[in-house]
Amino acid sequence: MNQNFPAWLPLRAELSELSPYGAPQVDVPVRLNTNENPYNLSDELQEALLAEISRCLKDLNRYPDRDALALRQALANSINTSMGVEVDSSSIWAANGSNEIIQTILLAFEGGALGFEPSYSMHPLISKVVGKKWISIPRDDNYEIGAPQIEKAISATEAKIVFITTPNNPTGTTTSLESISKIATALASRKGLVVVDEAYGEFSKNPSAITLIKTHPNLLVSKTMSKAFAFAGARLGYLIADPKVIEALQLVRLPYHLSALTQAAALAAISKQSSLIKDVERLQEAREEVAREIHSMGLKSYPSEANFLLFSGFADSAAKLWEELLNRGVLVRDVGIPGHLRVTIGTRAENRAFLDALKQTAKIRVDHPEVRG
Ligand SMILES: Cc1ncc(COP(=O)(O)O)c(C=O)c1O
């Protein structure tokens with residue numbers, strides 16, 4: 001029991017064991033703990049947003065387009081251009097962040113859910129909230145999904161929904177399309193689904209699993225505008241999947257779940273998305289620079305294809321170093337892996353502040369030279 005609820009509250013017994021999602025929201029100068037894009041929207045994009053939103057204001061007395069058709073078609077066009085595939089709005093669904101996508105999938109489809117951990121904490125949390133059994137398979141020592149992990153997932157027959165996060169949060173490591181295909185083939189033979197969570201896909205040079213959907217209709221790819229699109233505050237996630245999957249999700253989605261304002265804002269952002277690419281490139285370069293500096297201090301960071309780094313090799317506990325960095329005005333994430341912390345790549349100045357604070361605080365675990373990067 002994590003929290004004390006009064007006896008008169010008829011809370012479902014299984015919920016009393018859970019804790020709400022709670023990345024600390026602390027007001028400090030350098031916030032590098034929730035993998036947001038540090039660059040705010042350009043003036044041009046802000047103007048486009050205002051124009052699109054003001055166009056829909058006169059109709060705010062009406063419910064929004066329940067099926068968000070214009071937005072789904074715009075997302076389809078954008079995916080077709082950037083990935084060389086051919087999907088239309090019937091293969092796309094949009095929701096309030098990819099968390100809503102994940103919840104809707106878990107509400108619609110039967111059986112237990114499985115993930116390769118450490119990974120995104122909301123996959124098990126939402127699974128448990130909707131009453132599903134959660135099966136956890138530990139990743140290998142490099143936080144990758146190797147042949148033994150694939151075998152375990154294939155033989156966990158209770159699992160009908162398998163999550164693969166690539167690049168993975170919080171490790172930054174990736175999973176090949178070959179491994180994803182193998183798991184999708186095995187899951188198909190037991191009427192199961194594979195959900196590939198590509199929240200950080202734009203920061204990776206690996207190809208998207210979207211290209212596999214035609215051959216594996218039981219494969220669903222979840223994406224978000226919260227990271228590369230620098231749109232976390234607007235809350236827009238989207239799913240690419242076989243049209244029958246999208247149709248099934250409509251059975252459990254709430255009516256008018258996506259507000260007219262959100263749809264308008266997302267449409268404007270998509271129309272200006274080419275201007276965001278340079279920020280993604282800047283963040284990829286900065287990630288490599290920060291990794292080099294972490295290694296030069298004698299610490300280890302894991303190879304990351306996302307906009308964050310997981311690092312280890314410091315002498316103090318993760319909780320102690322987290323607090324010392326916070327005392328110096330830098331908020332990073334203690335992801336619950338002993339001896340590890342995660343830092344989001346920020347602006348040049350934020351990265352400098354983080355590295356300087358780390359240099360001043362982190363004592364190296366000299367007794368463990370193998371942790372050197
Ligand atoms: C792997 C992963 N998936 C999904 C999400 C949820 O993103 P959002 O709901 O903002 O789209 C996050 C957020 O950090 C994430 O790390």
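Residues numbered from 1 in each chain as written. Predicted model: local features only at pLDDT ≥ 70, side-chain atom pairs only at ≥ 80, totals over all residues. Heavy atoms only, no water.

A.B. asks: What's the story with the sheet that holds strand β9 (residues 300–301) in this structure? I'm lost.
C.D. replies: Strand pairing in a sheet relies on backbone hydrogen bonds, with the paired strands running either antiparallel or parallel. The three strands lie next to each other as β9-β10-β12, forming an open sheet whose pairing is antiparallel. The sheet is open, and its two borders are formed by β9 and β12 (340–344), each paired with just one other strand. Note: strand β10 (residues 308–312) against β12, five bridges, orientation antiparallel. Within β12, the position partnered with L310 by the bridge is R342. Its contacts with the sheet put helix α9 (residues 277–296) on β9 and β10, and the angle it makes with β10 is roughly 10°. (Pairing = 2+ DSSP bridges. Helix = DSSP H or I, 4+ residues; strand = E, 2+ residues; numbered from the N terminus. Contact = heavy atoms within 4.5 Å. Axes fitted to C-alpha atoms, helices over the stretch in contact; angles between N-to-C directions.)

A.B. asks: Would you explain the site of the ligand in this entry?
C.D. replies: Neighbouring the ligand are 13 residues; S98, D197, Y200, T224 and S226 lie closest to it. T224 has a polar side-chain atom sitting 2.5 Å from an oxygen atom of the ligand. Taken by itself the ligand offers 400 Å² of open surface, and the protein chains cover 94% of this. No other element matches the three residues that helix α3 (residues 97–108) contributes to the shell around the ligand. Of the residues assigned to the shell around the ligand, the class counts are three nonpolar, seven polar and three charged. (Near = heavy atom within 4 Å. Polar contact = N/O pair within 3.5 Å; in protein donor to acceptor, adjacent residues only side chain to side chain. Areas by Shrake-Rupley, 256 points an atom, 1.4 Å probe, with all protein chains shown as cover. Nonpolar A, V, L, I, M, F, W, Y, C, P; charged D, E, K, R; others polar.)

A.B. asks: What am I meant to see in the packing of aromatic side chains here?
C.D. replies: Think of a pair of aromatic rings as described by two things: how far the centres are apart, and how the planes are tilted against each other in angle. Enumeration according to the criterion identifies six aromatic pairs in this entry. Ring geometry for Y200 and F308: centres 5.0 Å apart, planes at 85°, overall edge-to-face. Residue Y200 is found in the loop between β6 (193–197) and β7 (219–224), and its partner F308 is found in strand β10; the two are separated by 108 residues along the sequence. Taken as a pair, Y200 and F308 share a single burial class, namely buried. Members of the aromatic cluster, each reached through a chain of ring pairs, are F311, F314 and F354. The residue whose ring lies beneath R342 is F308, and the NZ or CZ to ring-centre distance is 5.5 Å. (Phe/Tyr/Trp six-rings, centres within 6.5 Å; stacked < 30°, edge-to-face > 60°. Buried < 20%, exposed > 50% of the residue type's maximum accessible area, 1.4 Å probe, protein only. Lys NZ or Arg CZ within 6 Å of the ring centre and 35° of its normal.)

A.B. asks: Looking at this structure, how should I read the domain arrangement of the protein chain?
C.D. replies: By a widely used convention, the size of an interface equals the accessible area lost when the partners come together. Domains assigned within the protein chain are domain 1 (23–42 + 276–371) and domain 2 (43–271). Here the C-alpha centroids of domain 1 and domain 2 sit 26 Å apart. At the interface, 24 residues of domain 1 touch 30 residues of domain 2. Each partner contributes to the roughly 2,100 Å² buried at the junction of domain 1 and domain 2, and carbon and sulfur atoms together form 58% of this total. For domain 1, the biggest contributors to the area lost against domain 2 are L41, S42 and E305; these three give 33% of the whole. For the interface between domain 1 and domain 2, the tally reads one salt bridge. For the salt bridge of K205 with E305, the shortest nitrogen-to-oxygen distance reads 2.7 Å. Here domain 1 is connected to domain 2 by 15 residue pairs in polar contact (both at pLDDT 80 or more). Of all the elements in the fold, those that place two or more residues in the side of domain 1 that touches domain 2 are α9, β10 and β12. Of the residues belonging to the side of domain 1 that touches domain 2, the class tally is 12 nonpolar, eight polar and four charged. (Domains from an automatic or database assignment. Buried area = accessible area lost by both parts, 1.4 Å probe. Salt bridge = Lys/Arg side-chain N within 4 Å of Asp/Glu carboxyl O.)

A.B. asks: What should I look at first to understand the sheet that holds strand β5 (residues 159–165) in this one?
C.D. replies: Reading across the sheet, the seven strands line up as β2-β8-β7-β6-β5-β3-β4 and stay open at both edges, with mixed pairing between neighbours. Whereas interior strands pair on both sides, the edge strands pair on one side only; in this sheet they are β2 (92–95) and β4 (134–138). Across this sheet, the average inter-strand angle for adjacent strands is 20°, counted without regard to direction. Where β5 lies against β6, five bridges are found, and the strand directions are parallel. Its bridge partner lying in β6, I164 is registered against V196. On top of the sheet, helix α5 (residues 147–155) reaches β3 (112–117) and β4; it is set at about 160° to β4, its chief contact. The sheet contacts of helix α6 (residues 177–188) involve β3, β5, β6 and β7, and relative to β5 the element is tilted by about 170°.

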